[in-house]
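Reading the structure
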Amino acid sequence: MRFPPAGSMARLLIMRLLPPIIALVLLDQTVTWIVSHKLEMADWDREDVFWLMVVGEIFLIILLIWVVLNAVNRSMSSVEKLSDQISQRSAQDLGRMELKGLPTEFDQLLSHTNALFERLNDTFEAQRRFVGHAAHQLKTPLAGLKLESELMLAQPLPPDIRQRAERIKTVTDRMIRMGTQLLLLARVDPEGRPQDHFVLLDLSEWTRTCGVEWLERAQGRGIELQLDAPDQPVWIEGDPVLLRELLGNLIDNSLRYAKGATRIRLLVSATPPTLSVEDDGCGISEDDQSRVFDAFYRASDSMEGGSGLGLALVREIARAHGAWWNLVSTPHMSGVKITVLFPGLRKGAQLNRMDRLSQLQL
């Protein structure tokens, strides 16, 4: 029989269990010797000896159970730390796991798991690069196709040709929009560290500025665009480009799919920093509410053209900002209200303490 190798779980248990078991055996022998040699047995009957042996064995069994449990728990502590490290990881975190003191059996398992993580990360990174490069390369020919269709529409055309040119322009606009969204999805990927581009923003003033850009389009659809924001600044840290896309997607989603809507409200609150977009349209069915944030998902009753990336992009931008998001619709309200709740000011943005204080005092 071969002795377990050094660093293995079996050897660790043996080394921790053997000394206390030897001590318990010696204790049992010592007590037996004292009872048999030092105590006067003339005054003891057989029943007394029996119960003394029973009590002694129960005591030894309890001690043995305590020793075994203590040794096993101490030996498994490193495995429990590994389990906690895995459970706390997000689906996007495929970095190496480092943990010292693991038994050799689990050390090999950890090595193979890290190798699997590296292969998965390389695969996902290749997919992200492909999506980003493909979307970027498609922008130029699509822009040329859009320009050609616009030049055609600017000239007198037979009705059937004009109709086809308009369809070409509509599809081209949709593909350009999808390419832009795919590029933004690649940008908000955690591996790209979007936090490196965070700056200090006044959420109230920023929402006013970005909301104005949608006034003309909302009015063209007969929808009133309202803003409800506090007069005092509501400070957050974020990427202005990504947040502009987040708000634009939320407003665009309401304009496209809120049938019968008469108004869209942009709501900003300070404690905690929150941005909400609410409409009074037809709402979203309960079956679709859990899936509208999935990429490329479109409700079965949706009539407007779209890529199905708008709310998926909202979700990813919120995640990149450490924000929480929520959707409320039927049966709780007639329309749709999507809320993004931002965390407080954090370390890590490209602002030092003096920069923040100077901007807060402005």
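Residues numbered from 1 in each chain as written. Predicted model: local features only at pLDDT ≥ 70, side-chain atom pairs only at ≥ 80, totals over all residues. Heavy atoms only, no water.

1. Focus: the confidence of the model for the chain
Predicted coordinates in areas of low pLDDT are best not read in detail. Note the following rule: What pLDDT expresses is the predictor's confidence in each residue, scored from 0 to 100. Counting from the N terminus, the helices are DSSP H or I runs at least four residues long and the strands are E runs at least two residues long. Here a residue-residue contact requires only that any non-hydrogen atoms of the pair lie within 4.5 Å.
For the chain, mean pLDDT is 76; residues scoring 70 or higher make up 68% of the total. Per-element confidence in the chain ranges from a low mean pLDDT of 39 for helix α10 (residues 353–361) to a high of 94 for strand β5 (residues 274–279). Across residues 347–362, confidence stays below pLDDT 50; counting only partners more than four residues off in sequence or on other chains, it has 19 contacts.

2. Quick notes on a nonpolar patch on the surface
This is how the line gets drawn: Two joining distances apply to patches: 9 Å for like charges and 5 Å for nonpolar side chains (Val, Leu, Ile, Met, Phe, Trp, Tyr), and every residue must have over 30% relative accessible area and no salt bridge. To measure how exposed things are, a 1.4 Å probe is used in the Shrake-Rupley method; for residues, cover is taken only from the protein chains shown. Take a side-chain nitrogen of Lys or Arg and a carboxyl oxygen of Asp or Glu: if they are within 4 Å of each other, that pair is a salt bridge. For every residue, the accessible area (1.4 Å probe, protein chains only) is compared with the maximum for its type, and the residue is labelled buried under 20%, exposed over 50%, or partly exposed between those bounds.
Together, I21, V25, L64 and V68 line one region of the surface with nonpolar side chains, adding up to about 270 Å² of accessible area. Looking at the nonpolar patch, the elements with two or more residues in it are α1 (9–37) and α2 (46–87). Inspection of the secondary structure puts L64 in helix α2. For L64, a relative accessible area of 37% translates into the label partly exposed.

3. Quick word on the pairing of strand β4 (residues 263–269)
Stated precisely, the cut-off is as follows: A pair of strands counts as paired when DSSP detects no fewer than two bridges linking them.
In this sheet, β4 lies alongside strand β2 (residues 224–228) in parallel orientation, the contact comprising five bridges. Across the sheet, the residue bridging to L225 is I264, located in β4. As defined by bridge partners, β4 adjoins β5 across six bridges and the pair is classed as antiparallel. Looking at β5, one finds that R265 is bridged to E278. As consecutive antiparallel partners, β4 and β5 are separated by four residues.

4. Focus on the pattern of salt bridges
Taken as a whole, this structure holds eight salt bridges when the rule is applied. The closest approach of N and O atoms between E205 and R208, which form a salt bridge, is 3.5 Å. One end of the pair, E205, and the other, R208, are both in helix α5 (residues 203–212), three residues apart, so they sit about a helical turn from each other. A residue is classified by how much of its surface remains accessible, and E205, at 42% relative accessible area, is partly exposed. When salt bridges with common partners are traced through the structure, they connect R217, D252 and R256 into a single cluster.

5. What to know about the packing of α5 against helix α7 (residues 240–257)
Selection rule: Think of each axis as a best-fit line through the C-alpha atoms, taken over the contacting stretch in the case of a helix, with angles from 0 to 180 degrees between the N-to-C directions. Working definition: roughly parallel below 35 degrees, roughly antiparallel above 145 degrees, roughly perpendicular at 65 to 115 degrees, and oblique for all remaining angles. Here a crossing is taken to be left-handed if its near helix is turned anticlockwise relative to the far helix by less than a right angle, and right-handed if that turn runs clockwise.
Where α5 meets α7, the axes come as close as 11 Å, and the angle between the chain directions of the two elements is 60°. As summarised for this structure, α5 and α7 are arranged oblique, according to the angle between their axes. As for how α5 packs across α7, the hand of that crossing is right-handed. In contact with W206, T207, C210 and G211 of α5, α7 contributes P240, L243, R244 and L247.

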